Amino acid sequence: MPNTLCCWPVGKLENCSVQPCQPSNPHQMSYNNGSNGSNYPVHISQDPYCTLESSSLGVNYTARDSPSTVSFSANESSLSQQESMSHCMDLHHSPDTNYGSPITGPCVTEDVNELKHKLKELETEMLGPDLDSLEYFDTLPSSIALAEIESWREMMVVIPKGDLKRVLIACAMAVSNGDLLTAQWLMSELRQIVSVFGEPLQRLGAYMLEGLVARLNASGSSIYKSLKFQEPASFELLSCMHILYEVCPYFKFGYMSANGAIAEAMKDEDRVHIIDFQIGQGSQWIPLIQAFAARPGGPPHIRITGIDDFRSIYARGGGLSIVGRRLSKLAEAFKVPFEFHGAAMSGCEVQVKNLGIRPGEALAVNFAFMLQHLPDESVSTENHRDRLLRMVKGLNPKVVTLVEQEFNTNTAAFYPRFLEALDYYTAMFESIDVTLPREHKERINVEQHCLAREVVNIIACEGKERVERHEPLGKWRSRLKMAGFSPYPLSPLVNATIKTLLENYCSKYRVEERDGALYLGWMNRDLVASCAWK
């Protein structure tokens, strides 16, 4: 969670907001509100926490080889977090979801000339009479022309049915294949059926379309960078992160599971040092300090080293000293001996000397929604992802906790990565829908402030600019074992408590223990995995 989807400790999410505008503005991309036909523009801005409202870039991106244009405005606010995959990636099929449905459809006609005529009529109606795209087929070898005709024939069946998921997938495939004509046509269709006010897939589709347009215009990296220059009001961002944390129990319970493992490992220790590599607001440690205060025989002396980069400063309204004062005040109220040390830097910059290791302290290290943002060997020869794990192993910690989104976007090529993102975020948007009313302003802000920017990053960016690089737990296991770690059991008591607390939420949420890890998800889709190592 923006960084990524991590609330509070993970709160470095984006900011997005939507406002009605006049169609005369040439620098905007409008999404239709299906309920009343109104168009709402989505503007790309320069904020680190981007909002779909605006920015100050003022760049107009024009789609190639088509009279239609795709425009982005960057002038108001802002849109503000493995192994290679094949085209036949597993999309978690289940009887409870329709994720990963194939793109298929009956043929409209077998006559090529008749099909060209129908396509000409369709294009004239959609794009105007001046587009001579159908003659394009005559210039291609027959095998290529037939392949394109088959693709268009299929779309003529899909689009009238309003099958948003299949149109999104077809558009992504066209972008992946460099089929600009088909991609631009499908984007024009998508603008009519996506809406940030609609059903979960319509809302997600609006942000995925944003990413597709940016990628098609080779502007993904510059657009993503532009999202980093302006930020929403810090109280707005903080409020949205808190709401997401409350309405999505998989984040909250992920932290709870990590805390349980640390409490279990430190139950007999007198001096405890916790290193949190993405401390955010520090809220993860409030219940743990309270639990240590109630420990039989008295609490241990607790020292927390909090690491965080500049992206959290704005959400907090200041530096890490704010976190230190908050936790110190809490510890004092519960009579727990406490120290706090802040290290304002990114995980890529951390060295042993920054961690303040002292002899005689039992060490716990927490990686919560953080490693997914570090580049690995596929991005940089420095491979900070594995470097950091090896460095931590050298500190001989008593326990290391890992909480990550169960999601595979790191080394996957664009098309399978798009499919994975579509599957994952569909489940997430559906889960938000059952808690926050569809017309609720807070629901719109949470999705736009906390989720939209990472969706755009996953789809539009490559190389170092693509910072959202999730891996499934199986890959994290391999990395941890290569670094010398072995599994550490999670607390059975905490796991049982999580299962009990989950009963207060929608029955479609689920928690499952598998292979020494705790998986939290929606229906049959795993969303977050938590485990511990030593």
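An unreviewed UniProt entry annotates the protein chain as Scarecrow-like transcription factor PAT1 of Sesamum angolense. According to the UniProt record, the Sequence similarities (unreviewed entry) comment for the protein chain reads "Belongs to the GRAS family."

From N to C terminus, the protein chain includes 18 helices and twelve strands. Here the protein chain holds 534 residues, and 61% of them are scored as buried. Looking at the protein chain as shown, the accessible area adds up to about 20,200 Å², and 53% of this sits on carbon and sulfur atoms.

Moving on: the packing of helix α4 (residues 164-177) against helix α5 (residues 180-193). To characterise two packed helices, one gives the angle between the axes of the helices and the distance between these axes. At their nearest, the axes of α4 and α5 sit 9 Å apart, and the two run at 150° to each other. Judged by the inter-axis angle, α4 sits roughly antiparallel to α5. For the pair α4 and α5, the sense of crossing is left-handed. Of the residues in α5, those touching α4 at Leu164, Val167, Leu168, Ala170, Cys171, Ala174 and Val175 are Thr182, Ala183, Leu186, Met187, Leu190 and Ile193. Among the residues making up the contact of α4 with α5, the classes are represented as twelve nonpolar, one polar and no charged.

Here we come to helix α9 (residues 249-265). Along its 17 residues, α9 runs 24 Å from first to last C-alpha, staying within 8% of the 24 Å computed at 1.5 Å per residue. The buried count for α9 comes to 14 of 17 residues, which makes it a mostly enclosed element.

Here we take up the pairing of strand β10 (residues 509-514). Sheet topology note: the β10/strand β11 (residues 517-522) ladder contains six bridges and is antiparallel. Looking at the pairing, Glu513 lines up with Leu518 of β11. Linking two consecutive strands that pair antiparallel, namely β10 and β11, is a turn of two residues; a positive phi of about 55° is found at Asp515 within it.

All right, on to the pattern of salt bridges then. All told, the structure shown has 24 salt bridges when counted by the stated rule. Here Asp163 makes a salt bridge to Arg166, at a shortest N to O gap of 3.7 Å. The exposure class assigned to Asp163 is partly exposed, which follows from its relative accessible area of 25%. Classification of Arg166 as buried rests on a relative accessible area of 12%. A salt bridge links Arg479 to Glu471, with the nearest nitrogen and oxygen atoms 2.9 Å apart. The exposure class assigned to Glu471 is buried, which follows from its relative accessible area of 0%. One salt-bridge network, in which partners are shared between bridges, spans Asp376, Glu377, Arg385, Asp386, Glu471 and Arg479.

The next subject is the packing of aromatic side chains. Taken as a whole and judged by the stated rule, the model has 14 aromatic pairs. Taken together, a centroid distance of 6.0 Å and an interplanar angle of 85° make the contact between Phe253 and Tyr505 edge-to-face. Residue Phe253 is found in helix α9, and its partner Tyr505 is found in the loop between α18 (492-502) and β10; the two are separated by 252 residues along the sequence. Seen in terms of ring centroids, Phe407 and Tyr424 are 4.1 Å apart; in terms of plane orientation they differ by 10°. Their pairing is stacked.

Of note, the phi angle at Lys335 is positive, near 60°, even though the residue is not glycine. Topologically, Lys335 is positioned in the loop between α12 (320-333) and β6 (338-344). On the basis of relative accessibility, which here comes to 70%, the residue Lys335 falls in the exposed class. In this model, Met523 sits at a positive phi of 55°, which is unusual for a non-glycine residue. Mapped onto the fold, Met523 is located in the loop between β11 and β12 (525-533).

About the cut-offs
Residues numbered from 1 in each chain as written. Predicted model: local features only at pLDDT ≥ 70, side-chain atom pairs only at ≥ 80, totals over all residues. Heavy atoms only, no water. UniProt positions renumbered as here; feature names shortened; annotations may be inferred. Helix = DSSP H or I, 4+ residues; strand = E, 2+ residues; numbered from the N terminus. Buried < 20%, exposed > 50% of the residue type's maximum accessible area, 1.4 Å probe, protein only. Areas by Shrake-Rupley, 256 points an atom, 1.4 Å probe, with all protein chains shown as cover. Axes fitted to C-alpha atoms, helices over the stretch in contact; angles between N-to-C directions. Parallel < 35°, antiparallel > 145°, perpendicular 65-115°, else oblique. Left-handed = near helix turned anticlockwise from the far one by under 90°. Contact = heavy atoms within 4.5 Å. Nonpolar A, V, L, I, M, F, W, Y, C, P; charged D, E, K, R; others polar. Expected span 1.5 Å × (residues − 1). Pairing = 2+ DSSP bridges. Salt bridge = Lys/Arg side-chain N within 4 Å of Asp/Glu carboxyl O. Phe/Tyr/Trp six-rings, centres within 6.5 Å; stacked < 30°, edge-to-face > 60°.

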